[in-house]
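Now for the letters of each chain:
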Amino acid sequence: MTTLIVLGAGGDLASRLLLPGLADLLVSHHGEELDLRLVGADRDEHDQGWWTERVRTAAESAGASGPSVDRLVATTRYARTDVAADGDLARLLADAAASDVGPDAGSRSAPARGGGDVVCYFALPPSVTAAACRALDPEQVPAGTRLVLEKPFGHDSASAAELNAVLTRLVPEENVHRVDHFLGKSTVLNILGLRFANRLFEPLWSAAHVERVDVVFDEDLGLAGRAGYYDGAGALADMVQSHLLQLLALIAMDPPATISARDLRDRKAEVLRATRLWDEDDPASCTRRARWTAGRLGGQDVGAYADEPGVDPSRETDTLAEVVLAVDTWRWAGVPFRLRSGKALGRRRKEAVVTFRHVPHLPTGLLGTSSPTRLRIGFGPDDITLELDVNGQDDAFSLERSSLRTELSPGELTAYGQVLLGVLHDDPTLSVRGDTAEHCWRVLEPVVQAWRSGRVPLETYPAGSGGPPGRGLLEDVDAQGCADGAPAPAPGPEASGPGRQDEDPPVS
Ligand code: NDP
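Computed from a prediction, not measured in an experiment: that's the story for all the values here.

## A few points about the pairing of strand β18 (residues 458–462)
Phase 1 of the analysis: Burial of β18 is one-sided: the residues E459 and Y461 facing one way are buried, the residues L458, T460 and P462 facing the other way are not.
Phase 2 of the analysis: One ladder, built from 5 bridges, connects strand β9 (residues 287–293) with β18; its direction is parallel. Bridging from a neighbouring strand, T293 pairs with P462 of β18.

## Let's talk about the site of the ligand
Phase 1 of the analysis: The ligand sits among 26 residues. The nearest are D12, L13, R16, D42 and R43.
Phase 2 of the analysis: Contact distances for the ligand include 2.7 Å between an oxygen atom and a backbone N or O atom of L13.
Phase 3 of the analysis: A distance of 2.7 Å separates an oxygen atom of the ligand from a polar atom in the side chain of R43.
Phase 4 of the analysis: Looking at the shell around the ligand, the elements with two or more residues in it are α1 (12–27) and α5 (126–135).
Phase 5 of the analysis: If you tally residues by element for the shell around the ligand, the top one is α1, at 4 residues.
Phase 6 of the analysis: Residues belonging to the shell around the ligand are distributed by class as follows: 12 nonpolar, 5 polar and 9 charged.

## Here's the deal with the nonpolar core
Phase 1 of the analysis: Grouped together as the largest cluster of nonpolar side chains are 72 residues, with contacts concentrated most on L339 and L375.
Phase 2 of the analysis: In terms of residue count, helix α9 (residues 234–252) provides more of this core than any other element does, 12 residues in total.
Phase 3 of the analysis: Membership of the second largest hydrophobic core comes to 36 residues, among which are L17, Y78, Y121 and L420.

## Let's talk about the packing of aromatic side chains
Phase 1 of the analysis: The final tally for this structure, using the stated rule, is 9 aromatic pairs.
Phase 2 of the analysis: Judged by centre distance (4.9 Å) and plane angle (50°), the rings of F182 and F217 are tilted. Within this pair, whereas F182 is found in the loop between β6 (176–178) and α7 (185–196), its partner F217 is found in strand β7 (residues 210–218), the two being separated by 35 residues in sequence. One exposure class covers both F182 and F217, and it is buried.
Phase 3 of the analysis: Aromatic pair W332 and F337: ring centres 5.2 Å apart, planes at 85°, arrangement edge-to-face. F337 matches W332 in its accessibility class, with the two residues each being buried.
Phase 4 of the analysis: Between the NZ or CZ atom of R178 and the centre of the ring of F153, over which it lies, the distance is 4.9 Å.

## Quick notes on the domain arrangement of the protein
Phase 1 of the analysis: Domain boundaries assigned for the protein yield domain 1 (2–150) and domain 2 (183–411 + 434–494).
Phase 2 of the analysis: Placing the centre of domain 1 and that of domain 2 at their C-alpha centroids yields a distance of 36 Å.

## Considering the side chain of K268
Phase 1 of the analysis: Among the secondary structure elements, K268 is positioned in helix α10 (residues 261–273).
Phase 2 of the analysis: Although K268 is buried, it makes no salt bridge; D180 carries the closest opposite charge, 7.1 Å away.
Phase 3 of the analysis: Only 2.9 Å separates the side chain of K268 from the side chain of Q246, close enough to count as a polar contact.
Phase 4 of the analysis: When near neighbours in sequence (up to four residues on either side) are disregarded, K268 contacts Q246, A249, L250 and M253.

## With respect to the sheet that holds strand β4 (residues 117–122)
Phase 1 of the analysis: Across the sheet, which stays open at both edges, the 6 strands sit in the order β3-β2-β1-β4-β5-β6 with parallel pairing between neighbours. Each edge of the open sheet carries a strand with a single partner, namely β3 (77–80) and β6. Direction aside, the axes of adjacent strands within the sheet are offset by 20° on average.
Phase 2 of the analysis: Here strand β1 (residues 2–7) runs beside β4; their pairing, made up of 6 bridges, is parallel. Along β4, the bridge assignment pairs T2 with D117.

## Details of the pattern of salt bridges
Phase 1 of the analysis: The final tally for this structure, using the stated rule, is 41 salt bridges.
Phase 2 of the analysis: Taking the shortest distance from any N to any O, the salt bridge between E387 and R401 comes out at 3.7 Å. Taken as a pair, E387 in strand β16 (residues 383–391) and R401 in strand β17 (residues 399–407) lie far apart in primary sequence, 14 residues in all. This pair shows no difference in class: E387 is buried, exactly as R401 is.
Phase 3 of the analysis: A salt bridge links R405 to E407; its shortest N-O distance comes to 3.4 Å.
Phase 4 of the analysis: The class of E407 is partly exposed, set by a relative accessible area of 48%.

What counts, and where the lines are drawn
Residues numbered from 1 in each chain as written. Predicted model: local features only at pLDDT ≥ 70, side-chain atom pairs only at ≥ 80, totals over all residues. Heavy atoms only, no water. Buried < 20%, exposed > 50% of the residue type's maximum accessible area, 1.4 Å probe, protein only. Helix = DSSP H or I, 4+ residues; strand = E, 2+ residues; numbered from the N terminus. Pairing = 2+ DSSP bridges. Near = heavy atom within 4 Å. Polar contact = N/O pair within 3.5 Å; in protein donor to acceptor, adjacent residues only side chain to side chain. Nonpolar A, V, L, I, M, F, W, Y, C, P; charged D, E, K, R; others polar. Core = buried A, V, L, I, M, F, W, Y, C linked by side-chain atoms within 4.5 Å. Phe/Tyr/Trp six-rings, centres within 6.5 Å; stacked < 30°, edge-to-face > 60°. Lys NZ or Arg CZ within 6 Å of the ring centre and 35° of its normal. Domains from an automatic or database assignment. Lys, Arg positive; Asp, Glu negative; His and termini not counted. Salt bridge = Lys/Arg side-chain N within 4 Å of Asp/Glu carboxyl O. Contact = heavy atoms within 4.5 Å. Axes fitted to C-alpha atoms, helices over the stretch in contact; angles between N-to-C directions.

Right, dumping it as C-alpha cells:
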C-alpha cells in the first residue's frame, strides 16, 4: 500500500491538475497495479466532506469514473496540517507510514504500526515547501519516503543547491522527484525514438550539418488568473529556465545506452553542464525581454499586462523571454540554440525546429530558391514535419517546398497522470535530477543579471501580435524561411502542422 499525501490540498495545482491527473491514472490500465491511499492535507480547518467532494469533483472534471475512482473517494482522508507549525508534518508522515491517517492526524502523535510507502507531494508555495523541508529532521522521515517537489525549484543556482542539500539530508537523491510536468513520457520517448531509432538523423545531428535550433513555446493566453504567481516569476523563470532547457537537453544530448532514468539523466546533465549564454559580453544581442501592451487576443480587446489586477508594473516582469544559448561540445560548437516563450501572442506555437545547413552546391540548372531542410518537432499534440525542397510538379527544373508530416503518440495519460505514475512507481525518468536543477539556473544567471541591471531594455508588443520584431540572432526561424522563399506557416490558431492547437488547460 502506498500513501500519497498531497500537501496544499486546497490549492489550485491540487484541484485543477493533480487530483484530475490521479483520477485519470486510476482509470487507465495502470490503475489496476496501484494499491493507493490518498491523504489531503492543508492548513485550513476543512471537514472530511469538503475533501471528499473535492476529490469527486476533480475526477468528474477529468471524465474519470468507475470502481477505482469510487474506491479513492470512499477511502481518502483529510488531515489538517500546517507544515509551518512545529511537528505537524513529522506527525503526518509518521501516521502515513503507520497507515493511520485520520481527520486530525497531524495534530496528535502517531502510533507506530507497520504501513507502506509514503509519497509526500508538496503542492505548496515554493517558499513554504523549502521551509517545511528545512524544519524536518531526517529521523522524522520514514524510510523509503519519496519527496515530490514542484517548480520552481529554488530561485537561482545557490538556492537550488541549498535546497538540494536539505533534501539529500532527508532522503537519498533517488527518492526526490523534482517535477517537470511539461515533458510527459510520450514526448520524451517521441524525441528519443525519432533521434535514435532512425539511421537518417543522427549522422546529421551536429554542427557540421545543423545551422540552428529553435525551441518556441508561444501561448495565445494571458495570465488566466495567475498574476500572483506569474508576476513574481516571468517567462524566463517560468518557462525557459525549466521546460525549454529540458527540451534543449533532449534535443542536444548524446545517445544514451538505455532509456533508463540513470542513463537519460546522465546524458541530459552532460549537455546542460556544457550550455551557456551565447555572448555574455553582449547580452542585448542574444537575449530579449518584453511585455505585452493593449491589443486584441482571440477576437477580444485585451488590456496591457501592466494594468492586469495583481500586477506590479514596476517589477518589469517579462511576459516574453528569448535567449540564444551555446552548447560547448564537439558536436554543437557554433550552433545557436534559440529558446523563446511568451504569453498573449497571436499564434499558439509549441515546437522545436532543427534547421539544417544549405547544400554545399546546388547543381546548376535547378531553378527556384533552395531553402534549408527543416525538421519540426511539435509538442502538444506531438507531431513531426520534415520540410524539403523537391522538384516542381509543373516544372521539374524548378524547386518547390514540400512537407512530410506525421503525428506521434499522444500518450495515454494527462501530463499530471504521467507525473504521478512516475512518482508512484518510483521511476524518476521524468523528474529533474538535483545537479540538473542547479545548472538550469546557472545557465540563465547572466541573463537575469543583465536584465536586472538594465543592460537589456524591456521591449513591448501588442497582445495578439507575433511579439517584437526579430533582429540578428533573435530573428525567428520562420522569418528566415520566408526570406529564403519558403512558405510561411499559416497565421492564426487554426494553423495546422507546426504550432498546432493544444487542448490542454493553461499550465506552466
Ligand atoms: P496555491 O497558492 O493555489 O495553493 C497552495 C496551498 O498550500 C493553499 O491551499 C495554501 O493554503 C496551502 N498552504 C500554504 N501554506 C501552508 C502551510 N504552512 N501548511 C499547509 N498548507 C499551506 O498554489 P498552487 O497550487 O498554484 O501551486 C503549488 C505549487 O505548484 C507551486 O510550487 C507552484 O509553482 C506549482 N505549480 C502550480 C501550477 C498551477 O497551475 N497552479 C502549475 C505548475 C506548478 P491557503 O489557501 O490557506 O494559503
